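Architecture and fold: a report
For reference, the chains in residue letters:
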Amino acid sequence: MFVILVYDTAVERNPKVLKTCRKYLHWTQRSVFQGELSAAQYRALMAALGTVIDPGYDSIVTYTARSPDMVESTTLGVALGGPGDIL
Amino acid sequence: MPAVGRTYWLTEPCRIRREDNSVRVERPDGSPVRIPITDIRDLVVFDHVDINTSALSLLSRNGVTVHILDHYGNHAGHFSPAESMSSAATVRRQVEISADDEQRLAISRSLVLATAENIRWALDTDLLDPALEALRNALPACRTNDAIMGQEGNFRRTAWAVLDSRLPPWLRMNGRTRRPPTNAGNAFISYLNALVYARLLTALRSTPLHPAIGFLHADTDRRRNTLALDLAEPFKPLFAERLLRRAASQKHLKESDFETDVGRASLSKNGRKKIAALVREELSTTVHHRGLKRQVSYEELMHLEALKVVRLCLEGTPYKPFRPWW
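So, a few notes on the structure that sits alongside this text.

Rules used in this analysis
- Residues numbered from 1 in each chain as written.
- Chains lettered and ligands numbered in written order.
- Predicted model: local features only at pLDDT ≥ 70, side-chain atom pairs only at ≥ 80, totals over all residues.
- Heavy atoms only, no water.
- Helix = DSSP H or I, 4+ residues; strand = E, 2+ residues; numbered from the N terminus.
- Expected span 1.5 Å × (residues − 1).
- Bend = angle between axes of the 7 residues up to and from the residue.
- Buried < 20%, exposed > 50% of the residue type's maximum accessible area, 1.4 Å probe, protein only.
- Contact = heavy atoms within 4.5 Å.
- Pairing = 2+ DSSP bridges.
- Axes fitted to C-alpha atoms, helices over the stretch in contact; angles between N-to-C directions.
- Parallel < 35°, antiparallel > 145°, perpendicular 65-115°, else oblique.
- Patch = residues over 30% accessible without salt bridge, like charges linked within 9 Å, V, L, I, M, F, W, Y side chains within 5 Å.
- Areas by Shrake-Rupley, 256 points an atom, 1.4 Å probe, with all protein chains shown as cover.
- Salt bridge = Lys/Arg side-chain N within 4 Å of Asp/Glu carboxyl O.

As for helix α8 (residues 236–249) of chain B
All names here are of chain B. For α8, spanning 14 residues, the distance from its first C-alpha to its last is 19 Å, which sits close to the expected 20 Å at 1.5 Å a residue. Taken as a whole, α8 carries its principal kink of about 30° at Arg242. Buried within α8 are the following residues: Lys236, Pro237, Leu238, Phe239, Ala240, Glu241, Arg242, Leu243, Leu244, Ala247 and Ala248. The inward-facing, buried residues of α8 abut α3 (101–123), α5 (145–164), α6 (184–205), α7 (226–232), α9 (269–283) and α10 (298–315). Once α8 ends, the next one or two residues include Lys251, with phi positive near 55°.

Written out as structure tokens, the structure reads:
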């Protein structure tokens, strides 16, 4: 599935969340990640994030779609996300 | 094969480092690129790459294979993760089949014939029909692998000549040469063949088969993963010959994409990128598989090919090499 993940966490927990997300998703923007995951990987990511955040204060929102083709997106200004898979 | 995950093509010099249990690729220009480790199926390295042990152990733990191509596009080697799919029953049967002359020769013959027919399909011409007929008649009489390879060589020579007649003069091969390839056409074919071989090696890693125990190349190429070489044969026309023809007719490749010297040729940096993009697109092309009743990508076809050999070993299902049905 295609996942877009947005997080809004307290400053002291930001690096922890960032590092966890980097293992599974591509960084697109400050506090925004996206990428393709299997259902199992998605659950693993959510479980990992669950142990990192403070459920009373932090907030993480994910949007999932069946494939990247199902999502249309436009970028205005600088495209912060990295290049594709030919480096 | 992981359900998701992409192949990453490294066409520029870079450095691979481990960071936060994930991968960071540093390039001489620009900021580092961070790749999620779960998104990597394998890495194909075209250029100088720096890597250290902690990055390698991370790649190994996540089942990522790193393929390294040398300057001339030959397969220079690969790093593969520690065995995790091993199954003694399969490997034992594989060895038995490969040691039994009758069975091994039967598989070799069918591989050579399938490859020849695939070339005929890729070139889409009836100029090859007489050569194909000759091959078909000569094969049953071959009692050794060398004889079979000899027949294949005869057919290949005709096929290269026919392919040449479809190419612009600067891309013509004038006979296949390798290590190093002497001209642009040969350099292109070398690159594509090495890539197909690498793809099959990745496919084989997701099965319990031993990649070094092959059927066709067993006696001639002692130090390579012969099973990957064998299974790559029927796929080469699908990629190498067909893409060369297409790139030539669409004028996608230019003379400046190659670095030609006296007696040797290789791809330029830009050419490598072009080919990586070309192959990546080709690998993700899908066709409808009649047995599975769903769309299957070319990449997955190679995986299915490896599974056919597993079924040959475990269930005794006769192995029929890949032929394009579309």
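So, next bit.
Quick notes on the sheet that holds strand β2 (residues 14–19) of chain B
All names here are of chain B. An order of β4-β3-β2-β6 is seen for the four strands of this open sheet, with the pairing classed as mixed. Lying at the two open borders of the sheet, with one neighbouring strand each, are β4 (33–35) and β6 (49–51). Averaged over all neighbouring strand pairs, the angle between strand axes comes to 25°, with direction disregarded. Direction of pairing for β2 relative to β6: parallel, over a ladder of three bridges. Bridged to Ile16 within β6 is Ile51. On the sheet, helix α1 (residues 53–61) packs against β2, β3 (22–26) and β6 and is oriented at approximately 70° with respect to β2.

Remarks on the packing of α3 of chain B against helix α4 (residues 129–138) of chain B
All names here are of chain B. Running from N to C, α3 and α4 cross one another at 175°; their axes reach a closest spacing of 11 Å. Looking at the two axes, α3 sits roughly antiparallel to α4. Each of Val112, Leu113, Ala116, Glu117 and Arg120 in α3 lies in contact with α4, whose residues at this interface are Asp129, Leu132, Leu135 and Arg136.

Notes on a nonpolar patch on the surface
Judged by side-chain polarity, Trp27, Val78 and Leu80 of chain A come together as a nonpolar surface patch covering roughly 270 Å² of accessible area. In this fold, Trp27 of chain A is placed in strand β2 (residues 26–29).

Overview of the pairing of strand β7 (residues 65–69) of chain B
All names here are of chain B. For β7, the tally of buried residues reaches four of five residues, placing the bulk of the element in the interior. Note that strand β5 (residues 40–45) and β7 share four bridges and pair parallel. Opposite Asp42, over in β7, you have Thr65 as the bridge partner. As defined by bridge partners, β7 adjoins strand β8 (residues 75–79) across four bridges and the pair is classed as antiparallel. What sits directly across from His67, in β8, is His78. Hairpin connection of β7 to β8: five residues between the antiparallel strands, including Gly73 at a positive phi of 85°.

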